[in-house]
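This is what each chain is made of:
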Amino acid sequence: MQRLTHWIDGAARAPGRDHWLPVHAPATGQVYAEVAAGDAADIEAAITAAARAAPAWAALPNSARSAWLEKLAAALETRIDDFAHAEARDGGKPFALARDAEIPRAVANLRFFAHAATQFASESHHGEAGLNYTLRAPLGVVAAISPWNLPLYLFTWKIAPALAAGNTVVAKPSEITPASASLLATLSGEIGLPPGVLNIVHGTGADVGDALIDDPRVRAVSFTGSTAVGRRIGARAGAQLKKASLELGGKNATLVFADSDWESQLGTLVRSAFQNAGQICLCGSRMLVERSIYASFRERFVAEVLALRVGDPMDPDARMGPLVSQAHHDKVLAAITRARDEGGNVLCGGHALERPGWFIAPTVIDGLGPDCATNREEIFGPVVTLQPFDDDAHALVLANAGDYGLSAVIWTRDLTRAHRLAAALHVGMVWINTWLMRDLRTPFGGTGASGLGREGGMEAMRFFTEPKNVGLSLE
């Protein structure tokens, strides 16, 4: 059976206590590999290696760090199929989605921050009080904790800006989907990345994550995951006055107006709800539809959802795979049961598929208002609710109901309305007449229960550096 080890100080390393965790294939439910079950001793070794490598890495010219990131991106680009297969196997996502979208985006992340390393400029100010300029120094050792749903995409989203800014990294990928991070570690060794610059420790949050966050040598924590875990990480980091970026959950609204071109965009609307089996924080799990088109939209939308091909991740025609784990599968089924108990009308799906693995039929529910748990709590699965609205004001009230504030989508031909609502929505990101259109230069993140801080672009470079102002008298 394949064993996925840590990567510490430029070399593969078995867990110190020789403990391993099972890695399942969601399409079958069977164990296909084991991953190192790290502990505090493994974290200690990784942080020590990172601290030792930090001064030399920070001292490199920006162009040299840029070259290393570009070298890693180029190596990854030659292995896209291998990485996509790894994520299809341990994450259950369609191979085509990983190959054509998510792994290429990881390459793009590395390339973007390779360029950002040479373009990240300091600031100067004059005319009020002498001449001031701002230095931005790397922090030293930083932590990156990434989730299971977009393993390599979000892993590189964190490590690339940290390395570009001159930090060394200790990273903890999800123990549920560790394969692509393990492959990236091997790739970093193949290109000769200096030992200790990138360290990867596998394991659970309790055994690895807490030890990583609590170590005083770790100067910042970048975390993507659930709101509950994010709150605990924020509390631990805050107690140490340690920087924390927390990209958490979402309960995103999609606003569909009668004047929109919704009929020709049904494919995008369905994709925005069910891509990766709804296991993306940006999926639109609340579909708000203007009442005058509600009945026809519901009929057409449900028909489109029923046509979704659910199947094995390696099936080229599959558009949706299984959920990532037995525990998550059971959680989503429990949420569907709760929706029925709250009075929801299941229009399609609502059940597990009778086949091996952790498959749930794509599910559409209506008949529930904004105050029920189904419309307020994140389900993070192939479950979407429909709610009608009467006018712009009603749509805004429904969209802003709840504690999350990650993203929203507005479908309308009225750009005046679109801009007005975009400004009034309590979210960090709004798309108009599209979904998941990402420019890597823009800030990414949400408000409320969706987290603190922003990732992406120069926001990430700022997070991973410490500003220092220097003032000179001109008199």
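Quick look at the structure, then.

Thresholds applied
- Residues numbered from 1 in each chain as written.
- Predicted model: local features only at pLDDT ≥ 70, side-chain atom pairs only at ≥ 80, totals over all residues.
- Heavy atoms only, no water.
- Helix = DSSP H or I, 4+ residues; strand = E, 2+ residues; numbered from the N terminus.
- Contact = heavy atoms within 4.5 Å.
- Buried < 20%, exposed > 50% of the residue type's maximum accessible area, 1.4 Å probe, protein only.
- Axes fitted to C-alpha atoms, helices over the stretch in contact; angles between N-to-C directions.
- Parallel < 35°, antiparallel > 145°, perpendicular 65-115°, else oblique.
- Nonpolar A, V, L, I, M, F, W, Y, C, P; charged D, E, K, R; others polar.
- Core = buried A, V, L, I, M, F, W, Y, C linked by side-chain atoms within 4.5 Å.
- Disulfide = S-S within 2.5 Å.

### Some points on the environment of Ala98
Secondary-structure assignment places Ala98 in helix α4 (residues 95-119). Taking the C-alpha atoms as reference points, Ala98 and Ala295, separated by 197 residues in sequence, lie 35 Å from one another. Residue contacts for Ala98: discarding those within four places in its chain leaves Ala84, Lys93, Ile103 and Pro104.

### Side note on the environment of Phe389
Tracing the chain through its elements places Phe389 in strand β17 (residues 383-389). Accessibility expressed as a relative area gives 0% for Phe389, which makes it buried. Between the C-alpha atom of Phe389 and that of Val256, which follows or precedes it by 133 residues, the distance is 9.4 Å. Beyond its immediate stretch of four places on either side in the chain, Phe389 contacts Val256, Phe257, Leu288, Val289, Glu290, Arg291, His394, Ala395 and Leu398.

### Description of the packing of helix α3 (residues 80-91) against helix α6 (residues 179-190)
Packed helix pairs are specified by the crossing angle of their axes together with the interaxial distance, meaning the distance between the axes. Where α3 meets α6, the closest approach of the two axes is 8 Å, and the angle between their N-to-C directions is 155°. As summarised for this structure, α3 and α6 are arranged roughly antiparallel, according to the angle between their axes. Seen from α3, the contacting residues are Asp82, Phe83, Ala86, Glu87 and Asp90; seen from α6, they are Ala179, Ser180, Leu183, Leu184 and Leu187. Tallied by class, the residues present in the contact of α3 with α6 amount to 6 nonpolar, 1 polar and 3 charged.

### Remarks on the nonpolar core
In this structure, Met287, Phe297 and Phe301 are the most contacted members of the largest nonpolar core, which totals 105 residues. Take this core: its biggest share by element is 11 residues, from α4. Non-local contacts of Met287, meaning those with residues more than four positions away in its chain, are made with Thr254, Val256, Leu269, Ala273, Phe297, Phe301, Val384, Thr385, Leu386 and Gln387. Of all hydrophobic cores here, the second largest spans 21 residues; its members include Ala46, Ala50, Val218 and Ile233.

### Thoughts on the state of the cysteines
One pass over the full model with this rule turns up 0 disulfides. This cysteine, Cys372, is not joined by any disulfide, and Cys348 carries the nearest cysteine sulfur, 17 Å off. Of the residues examined, Cys372 reaches a relative accessible area of 13% and is grouped as buried.

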